[in-house]
Amino acid sequence: MSEVVQSFIRHCLNIPIMITSWFVFFFSTQSGFFWSSALAIGVYLISNFTIKKIQQRRIMKKHQMTLSEYFHIQQQLKEANKKIKALNSQYLKVRSISSFKQLFEMNRLAKRIISIVKSNPKKFYQAENFFYAHLDSAVELTSKYTLLVSQPVKNKDMKLALQDTRDTLESISTVMEEDLHSVLASDVELLKMELDFAKLSVKQTERPLYLKGESEDERKVIEYKR
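Residues numbered from 1 in each chain as written. Predicted model: local features only at pLDDT ≥ 70, side-chain atom pairs only at ≥ 80, totals over all residues. Heavy atoms only, no water.

1. Digging into a nonpolar patch on the surface
On the surface, a cluster of nonpolar side chains totalling about 400 Å² of accessible area is made up of I15, I19, F23 and F27. Counting through the fold element by element, I15 comes out in helix α1 (residues 3-28). (Patch = residues over 30% accessible without salt bridge, like charges linked within 9 Å, V, L, I, M, F, W, Y side chains within 5 Å. Areas by Shrake-Rupley, 256 points an atom, 1.4 Å probe, with all protein chains shown as cover. Salt bridge = Lys/Arg side-chain N within 4 Å of Asp/Glu carboxyl O. Helix = DSSP H or I, 4+ residues; strand = E, 2+ residues; numbered from the N terminus.)

See the structure below:
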């Protein structure tokens, strides 16, 4: 369940609780409009916090994670989102279509990996290099590349450095693609197992049943009717 869906569920639960508590405070305790509203908002915040913790506990239980593991991964996801924003800020600074496509591809791969880890935090361990190294390298090199490419004067050394940076960014994009494959590897294996099981079930269902003493013609008629 995504964070957006969880937040929506919390609001759907907390808004009726807040409204109900406001009526209780206003009519039962005669606290007045201002204090009833303040208390109702307090109930909303407490209820939202409580439900959020319950949701987190369910996620940890589902994926068999400790509290420290869960919060460490959530922190890494927050940091990764900040780096994605930094990467997005470079779009208007690139000066060629090829560089724009390269930046777009890295951005697409990074967002996909982050989205998968958000939905299944346990997959973080299959993409640790992406979070600890590859995304950092992509952001840092892209930033330096756009800075150099925007300079009006470029000597031979700068041109060589720019070409080397483009080549390195291409390599990083390839590595990030491998990171995505690593994250999806367990899902692919599970899908293969399910397909094998489904094919086996279909074969067993389609296996013709012959009665003892049936002739070849009778068997063909039975198979034809099926």
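Here the narrative resumes.
2. Observations regarding the nonpolar core
Counting 31 residues, the largest nonpolar core has I113, F130, F131 and M176 as its most contacted members. Secondary-structure elements contributing two or more residues to this core are α2 (32-62), α3 (67-88), α4 (97-119), α5 (128-149) and α6 (156-206). Here the element with the most residues in this core is α4; it accounts for eight residues. Discounting residues that sit within four places of it in the chain, I113 has contacts with A127, F130, F131, M176, D179, L180 and V183. (Core = buried A, V, L, I, M, F, W, Y, C linked by side-chain atoms within 4.5 Å. Buried < 20%, exposed > 50% of the residue type's maximum accessible area, 1.4 Å probe, protein only. Contact = heavy atoms within 4.5 Å.)

3. Looking at the pattern of salt bridges
Applying the stated criterion to the full structure yields four salt bridges. In this structure, D136 engages K83 in a salt bridge whose closest nitrogen and oxygen atoms are separated by 2.7 Å. Note that D136 is positioned in helix α5 and K83 in helix α3, a separation of 53 residues in sequence. Owing to a relative accessible area of 29%, D136 belongs among the partly exposed residues under this scheme.

4. What to know about the environment of Q102
By the secondary structure assignment, Q102 is in helix α4. Distance in space between the C-alpha atoms of Q102 and S173 is 7.6 Å, their sequence separation being 71 residues. When near neighbours in sequence (up to four residues on either side) are disregarded, Q102 contacts R166, L169 and E170.

5. Brief notes about the packing of aromatic side chains
One pass over the full model with this rule turns up ten aromatic pairs. Centroid distance Y70 to F71: 5.5 Å. Interplanar angle 80 degrees. Geometry classified as edge-to-face. For F71, a relative accessible area of 36% puts it in the partly exposed group. On the basis of an interplanar angle of 45 degrees and a centroid distance of 5.1 Å, the ring pair of F124 and F131 is categorised as tilted. According to the relative accessible area criterion, F124 is buried, its value standing at 0%. Within the aromatic cluster, the residues linked to one another by ring pairs are F124, Y125, F130, F131 and Y132. (Phe/Tyr/Trp six-rings, centres within 6.5 Å; stacked < 30°, edge-to-face > 60°.)

6. Here we look at the side chain of K123
Tracing the sequence through the fold places K123 in the loop between α4 and α5. Among the polar contacts listed, one links the side chain of K123 to the backbone oxygen of V183, at a separation of 3.0 Å. (Polar contact = N/O pair within 3.5 Å; in protein donor to acceptor, adjacent residues only side chain to side chain.)

7. Points about the packing of α4 against α5
At a minimum axis distance of 12 Å, the contact between α4 and α5 shows a crossing angle of 155 degrees. Taken together, α4 and α5 sit at an angle that is classed as roughly antiparallel. The two elements α4 and α5 cross, and the hand of that crossing is left-handed. Within the contact between the two elements, α4 uses S99, L103, M106, A110, I113, I114 and V117 and α5 uses F130, F131, L135, A138, T142 and Y145. Considered class by class, the residues forming the contact of α4 with α5 number eleven nonpolar, two polar and no charged. (Axes fitted to C-alpha atoms, helices over the stretch in contact; angles between N-to-C directions. Parallel < 35°, antiparallel > 145°, perpendicular 65-115°, else oblique. Left-handed = near helix turned anticlockwise from the far one by under 90°. Nonpolar A, V, L, I, M, F, W, Y, C, P; charged D, E, K, R; others polar.)

Interpretation note: all reported values are geometric properties and have no functional meaning in isolation.
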